[in-house]
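Tertiary structure, described
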Amino acid sequence: MTITLTAQPLTKEAFAPFGAVIEPYDEREQTTQNCYVINNGFATRHHAIAKAALDGGEVGFSIFMAKPRVVPIALSVMEFHPLGSQAFFSMNAEDYVVVVAPKGEPPKSADDLHVFYAKSTQGIQYNAGVWHHPLLALNSESPFLVVDRINGEGHNCTELDISVWDVQVNF
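In this report, the structure presented in the accompanying data block is examined. (Residues numbered from 1 in each chain as written. Predicted model: local features only at pLDDT ≥ 70, side-chain atom pairs only at ≥ 80, totals over all residues. Heavy atoms only, no water.)

So, about a nonpolar patch on the surface. There is a patch of nonpolar side chains on the surface, built from Leu54, Val59, Phe61, Ile63, Met65, Met91 and Leu145 and spanning about 660 Å² of accessible area. The leading source of residues in the nonpolar patch is strand β6 (residues 58-66), at 4 residues. Assignment of secondary structure puts Leu54 in the loop between β5 (43-46) and β6. Leu54 sits in the partly exposed class, given a relative accessible area of 34%. (Patch = residues over 30% accessible without salt bridge, like charges linked within 9 Å, V, L, I, M, F, W, Y side chains within 5 Å. Areas by Shrake-Rupley, 256 points an atom, 1.4 Å probe, with all protein chains shown as cover. Salt bridge = Lys/Arg side-chain N within 4 Å of Asp/Glu carboxyl O. Helix = DSSP H or I, 4+ residues; strand = E, 2+ residues; numbered from the N terminus. Buried < 20%, exposed > 50% of the residue type's maximum accessible area, 1.4 Å probe, protein only.)

Okay, the side chain of Asp148 next. By the element assignment, Asp148 lies in strand β15 (residues 142-151). It is Arg149 that comes nearest to the buried, bridge-free Asp148 among opposite-charge side chains, at 9.3 Å. A polar atom in the side chain of Asp148 sits 3.1 Å from the side chain of Gln86. The residues touching Asp148, leaving out its near neighbours within four places in the chain, are Glu58, Val59, Gly60, Ser85 and Gln86. (Lys, Arg positive; Asp, Glu negative; His and termini not counted. Polar contact = N/O pair within 3.5 Å; in protein donor to acceptor, adjacent residues only side chain to side chain. Contact = heavy atoms within 4.5 Å.)

Here we come to the environment of Pro143. With respect to the secondary-structure elements, Pro143 resides in strand β15. Looking at Pro143, the relative accessible area reads 18%, which means it is buried. For the pair Pro143 and Glu94, spaced 49 residues apart in the sequence, the C-alpha separation amounts to 9.3 Å.

Applying the stated rule across the entire model yields 9 aromatic pairs. When the centroid spacing of 4.4 Å and the interplanar angle of 40° are considered together, the rings of Phe80 and Trp131 count as tilted. Taken together, the residues Phe80 in strand β8 (residues 77-80) and Trp131 in strand β13 (residues 131-132) connect sequence positions 51 residues apart. One aromatic cluster in this structure is built from Phe15, Phe18, Phe64, Phe88, Phe116 and Tyr126. (Phe/Tyr/Trp six-rings, centres within 6.5 Å; stacked < 30°, edge-to-face > 60°.)

Strand order in the open sheet formed by 3 strands is β1-β17-β7, with mixed pairing between adjacent strands. The sheet is open, and its two edges are formed by β1 (3-6) and β7 (73-74), each paired on a single side. Here 2 bridges tie β7 to strand β17 (residues 167-170), and the two strands are oriented antiparallel to one another. When the bridges of β17 are listed, Ile73 appears paired with Val169. (Pairing = 2+ DSSP bridges.)

Here we take up the sheet that holds strand β9 (residues 86-90). In space, the 5 strands of this open sheet follow the order β3-β12-β9-β15-β6, with antiparallel pairing throughout. Single-partner strands in this sheet number two, and they are β3 (19-22) and β6. Averaged over all neighbouring strand pairs, the angle between strand axes comes to 20°, with direction disregarded. Relative to strand β12 (residues 123-126), β3 runs antiparallel, the two being bridged by 4 bridges. Its bridge partner lying in β12, Gly19 is registered against Tyr126. (Axes fitted to C-alpha atoms, helices over the stretch in contact; angles between N-to-C directions.)

The next subject is the pattern of salt bridges. Under the criterion given, the structure shown has 3 salt bridges. A salt bridge links Glu13 to Arg28, with the shortest nitrogen-to-oxygen separation between them at 4.0 Å. Here the residue Glu13 occupies a position in helix α1 (residues 12-15), and Arg28 occupies one in helix α2 (residues 27-30), the gap between them amounting to 15 residues. Residue Glu13 is classed as exposed on the basis of its relative accessible area, which comes to 57%. The shortest N-O distance in the salt bridge between Arg28 and Asp26 comes to 4.0 Å. A residue is classified by how much of its surface remains accessible, and Arg28, at 54% relative accessible area, is exposed.

For the largest pocket, the calculated volume is near 240 Å³. As for the largest pocket, its lining consists of 13 residues, and the residues nearest its centre are Ile22, Ala50, Ala87, Gln125 and Val147. Among the elements that take part in the lining of the largest pocket, β9 stands out by supplying 3 residues, more than any other. Along the lines of polarity and charge, the residues of the lining of the largest pocket split into 10 nonpolar, 2 polar and 1 charged. (1 Å grid on protein atoms, 1.4 Å probe; cavity = no way out; pocket = protein on both sides within 12 Å on 5 of 7 lines; lining within 4 Å. Points joined across faces, edges and corners; volume = space filled by probe spheres on them. Nonpolar A, V, L, I, M, F, W, Y, C, P; charged D, E, K, R; others polar.)

Structure follows, in structure tokens:
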């Protein structure tokens, strides 16, 4: 039996247990966060929206080219990186889907998964150790700017095959 998960809108509050949403501070946040005018008034800096975290090694900036998925999207694998956070930001104004599970023990079933629909103007940063599905691009091949740990001591990627759960995502 196929299990269908429905994506919810990506919000800072809903995604907080898994990491950060990378988007400008809203009007309420601008008064409480580091948000200030720079460059002689021609720009506003929304400072430190997300912060790279790693246990040893170096942080790198990469571009991943993600192939589009067919909707409903069949989920196949979850992975986690215990030694560093990962940030993803769409570079071509395409929306995408994010699937996560809490940090720690591997997800045991589809009930452990959370699905978010991310707008093209939103990036995400997974906390170290948060389980997540690889990129789920929609509509076209999509480049993503990725900031993550690129080297260092220790094993930093564990994968879990979830294709046997027969889970798909719709929205």
